[in-house]
Amino acid sequence: MKAIILLGAPGAGKGTAAEDLRKQTDFQHVSTGDMLREAVKSGSAVGERAKSYMEAGTLVPDEVIVDIVKERMDRDGPDAKYMFDGFPRTMKQAQMLDQVLDEHGADLTHVLLLEITEDVVLDRIAGRRICKSCGAVYHVSQLTPGQACDQCGGELYQRPDDNEETVRKRLQVFRDQTSSLIDYYEQKGVLHRVDANRTPEEVQADLLGLIRESTAGL
Ligand code: AMP
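Residues numbered from 1 in each chain as written. Predicted model: local features only at pLDDT ≥ 70, side-chain atom pairs only at ≥ 80, totals over all residues. Heavy atoms only, no water.

1. What about the packing of aromatic side chains?
Following the criterion strictly, the structure yields three aromatic pairs and no others. Ring centres 5.4 Å apart and planes at 25 degrees place the aromatic pair Tyr-82 and Phe-84 in the stacked group. Across the pair, Phe-84 and Tyr-82 agree in class, each one buried. Note on Tyr-184 and Tyr-185: the rings are 5.1 Å apart at their centroids and 70 degrees apart in plane angle, and the pair reads as edge-to-face. Looking at Tyr-184, the relative accessible area reads 19%, which means it is buried. Linked through ring pairs, Tyr-82, Phe-84 and Phe-87 together constitute an aromatic cluster. (Phe/Tyr/Trp six-rings, centres within 6.5 Å; stacked < 30°, edge-to-face > 60°. Buried < 20%, exposed > 50% of the residue type's maximum accessible area, 1.4 Å probe, protein only.)

Here it is as structure tokens:
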């Protein structure tokens, strides 16, 4: 088992980067946000529990997240290669991940920090549109009204938590609860910083370079 973490504020481009990297490497894209949105859509117990936190832009309790991630890792078995997007988001989640990776004799090869300024985040998120079917991410400036997904023809929508008020809350939550992970991973010597205020192509090129640098067999 191997793991990469994409760390960064909401709107830094973690989901877009992870989707591209998934196509170019053999790492799976594991987004706890996507898993939770699926759970909300299906009306499962996890979804019921998570919904109000997500709508408010606050974090879903650690034990819910730890359970869904553990379940996924147990199901996939020892050869899995994970690219985590939006996980871990608290110290407790980071410690749980360390423990599970340890139990599997697995490596955390990279923590890729997408660094972004908050005004860029606000513009990106307010204009973000997502495909209901395949999850592809667009910005309104790339779209004509009523346009469907380029990749699968699916309908595009705006996430209910992608409004300015909730985004400001999510940025606050990142500063308060997630940003301490930057130091944590820096001290472990696995943190790499990437300037995410640039185009997806530029960010992508840097990320791929970093992953290939020290990951054999991709
Ligand atoms: P994301 O798609 O990563 O922006 O996540 C959307 C929302 O899902 C967040 O604002 C949180 O409410 C919740 N969420 C996703 N991942 C986590 C996590 N690792 N820990 C706690 N809450 C999470």
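2. Description of the sheet that holds strand E7 (residues 156–157)
Taken together, the three strands give an open sheet; going across it, the order is E6-E5-E7, and neighbouring strands pair in antiparallel fashion. Since the sheet does not close on itself, it has two edges, and those belong to strand E6 (137–139) and E7, each with one partner. Relative to E7, strand E5 (residues 128–131) runs antiparallel, the two being bridged by two bridges. Note that in E7 the partner of Ile-130 across the bridge is Tyr-157. (Pairing = 2+ DSSP bridges. Helix = DSSP H or I, 4+ residues; strand = E, 2+ residues; numbered from the N terminus.)

3. A few points about the environment of Leu-171
Position of Leu-171 among the secondary structure elements: in helix H7 (residues 164–178). Distance from Leu-171 to Asp-20, taken between C-alpha atoms, is 24 Å for residues 151 residues apart in sequence. Among all residues touching Leu-171, those that are not within four sequence positions of it are Ala-9, Pro-10, Glu-118 and Val-121. (Contact = heavy atoms within 4.5 Å.)

4. So, the site of the ligand
Taken together, 16 residues surround the ligand, and among them Thr-32, Arg-37, Thr-58, Gly-86 and Gln-93 come closest. Here a nitrogen atom of the ligand sits 2.9 Å away from a polar atom, N or O, in the main chain of Gly-86. In the environment of the ligand, a nitrogen atom lies 2.9 Å from a nitrogen or oxygen atom belonging to the side chain of Gln-93. Contact with the protein chains covers 96% of the free accessible surface of the ligand, which is 470 Å². The biggest single contributor to the shell around the ligand is helix H2 (residues 32–42), with four residues. Per-class residue counts for the shell around the ligand are six nonpolar, five polar and five charged. (Near = heavy atom within 4 Å. Polar contact = N/O pair within 3.5 Å; in protein donor to acceptor, adjacent residues only side chain to side chain. Areas by Shrake-Rupley, 256 points an atom, 1.4 Å probe, with all protein chains shown as cover. Nonpolar A, V, L, I, M, F, W, Y, C, P; charged D, E, K, R; others polar.)

5. Topic: the nonpolar core
Nonpolar side chains tend to gather and get buried jointly when the protein is soluble and globular. If you look at the biggest cluster of nonpolar residues, it comprises 34 residues, and the most contacted ones within it are Leu-7, Met-73, Phe-84 and Tyr-185. Those elements that place two or more of their residues in this core are strand E1 (2–8), helix H3 (45–56), helix H4 (62–76), strand E3 (81–85), helix H5 (91–103), strand E4 (107–115) and helix H8 (180–188). The element best represented in this core is H4, accounting for six residues. In contact with Leu-7, other than residues within four places in its own chain, are Lys-14, Pro-88, Val-111, Leu-112, Leu-113, Leu-114, Thr-178, Leu-181, Ile-182, Tyr-185 and Leu-191. If you look at the next biggest cluster of nonpolar residues, it comprises 25 residues, including Ala-9, Ala-12, Leu-21 and Met-83. (Core = buried A, V, L, I, M, F, W, Y, C linked by side-chain atoms within 4.5 Å.)

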